[in-house]
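Coordinate inspection notes
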Amino acid sequence: MTPRHYLTLGFALAVWACGPPVMPPTSGHAPPETARAPATLDGEVLGVDGKSPETQLAQSVRLRLRTDEGADVDVLLAPAWVLDEKGLRFTPKERVKVTGTKRTEGGKEVFEAQSVKRGSDVLDLRDSAGKPLWDAR
């Protein structure tokens, strides 16, 4: 055996003696939630959040919707100023069709609207990635 062979054999024995590779411990966090496919809810408006106009300017308006299947769902729409610019207001017992995706906010599941249809009127609020279609203020 040549010195080169001894060197290769020594290296192989050293690697073998170290054992199998060890993966670093995981942080214990679940992988990020994957994007969910859009869904459509048909139903009746039960109510609109009762926040003051000043609060609504900064926060999104929420609808409480009873779907045709009988489930009550919180629907996240858009800031009040966006709806006001479009002249869109909701009242209880109105029928609407909402397309969007479910997500978790503060430990509670909400339905984030991409578009809302009421009668023949359709309002697009977000793109397919969930990005708002309005300019930030």
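Anything mentioned here points back to the structure above.
Overview of the structure.

Looking now at the overall build of the protein. The secondary structure content of the protein amounts to three helices and six strands. In the protein, the succession of helices and strands from N to C terminus is α-β-α-β-β-α-β-β-β. A total of 137 residues make up the protein; the buried ones form 31% of that total. Considering only contacts within the protein whose residues lie at least 6 apart along the sequence, 44% involve residues at least 24 apart. Just so you have it, the protein exposes about 9700 Å², and 57% of that area is on carbon and sulfur atoms.

Once that is clear, we can look at the environment of Phe111. Along the chain, Phe111 falls in strand β5 (residues 108-118). For Phe111, a relative accessible area of 2% corresponds to the buried category. Along the chain, Phe111 and Arg62 lie 49 residues apart, while their C-alpha atoms are 9.5 Å from each other. Beyond its immediate sequence surroundings of up to four residues, Phe111 is in contact with Ala39, Leu41, Val73, Asp74, Val75, Leu76, Val98, Thr99, Gly100, Thr101 and Lys102.

Ranked by internal contacts, the top residues of the largest apolar core, which has 23 residues, are Val75, Leu77, Phe90, Val98 and Leu125. Of all the secondary-structure elements, those providing two or more residues to this core are β1 (39-48), β2 (60-67), β3 (72-79), α3 (80-85), β4 (95-105) and β5. Those residues in contact with Val75 that lie beyond four places of it in its chain are Leu41, Val61, Arg62, Leu63, Leu65, Val98, Phe111 and Ala113.

Turning our eyes to something else, we now look at the packing of aromatic side chains. A full pass over the atoms with the stated rule returns zero aromatic pairs. In this structure, Arg118 is placed above the aromatic ring of Phe90, and the distance from its NZ or CZ to the ring centre is 5.2 Å.

A word on the pairing of β5. Burial within β5 is extensive, with eight of its eleven residues counted as buried. Bridge analysis of β3 against β5 gives two bridges, and the strand direction is parallel. Within β5, the position partnered with Leu76 by the bridge is Glu112. Inspection of the sheet shows β4 paired to β5 by nine bridges, in the antiparallel sense. Bridging across to β5, Arg103 finds its partner in Val110. Here β5 pairs with strand β6 (residues 121-124) via four bridges, running antiparallel. Opposite Val116, over in β6, you have Leu123 as the bridge partner.

Next up on the list: the pattern of salt bridges. Taken as a whole and assessed by the stated rule, the structure comprises eight salt bridges. The shortest N-O distance in the salt bridge between Arg89 and Asp84 comes to 3.2 Å. We classify Arg89 as exposed; its relative accessible area is 59%. Arg118 is the salt-bridge partner of Glu94, the closest N and O atoms lying 3.1 Å from each other. A residue pair is termed long-range when its members are at least 10 positions apart, and Glu94 in the loop between α3 and β4 and Arg118 in strand β5 qualify at 24 residues. Like Glu94, the residue Arg118 is buried in the burial classification. When salt bridges with common partners are traced through the structure, they connect Arg64, Asp74 and Lys108 into a single cluster.

The rules behind these values
- Residues numbered from 1 in each chain as written.
- Predicted model: local features only at pLDDT ≥ 70, side-chain atom pairs only at ≥ 80, totals over all residues.
- Heavy atoms only, no water.
- Helix = DSSP H or I, 4+ residues; strand = E, 2+ residues; numbered from the N terminus.
- Buried < 20%, exposed > 50% of the residue type's maximum accessible area, 1.4 Å probe, protein only.
- Contact = heavy atoms within 4.5 Å.
- Areas by Shrake-Rupley, 256 points an atom, 1.4 Å probe, with all protein chains shown as cover.
- Core = buried A, V, L, I, M, F, W, Y, C linked by side-chain atoms within 4.5 Å.
- Phe/Tyr/Trp six-rings, centres within 6.5 Å; stacked < 30°, edge-to-face > 60°.
- Lys NZ or Arg CZ within 6 Å of the ring centre and 35° of its normal.
- Pairing = 2+ DSSP bridges.
- Salt bridge = Lys/Arg side-chain N within 4 Å of Asp/Glu carboxyl O.

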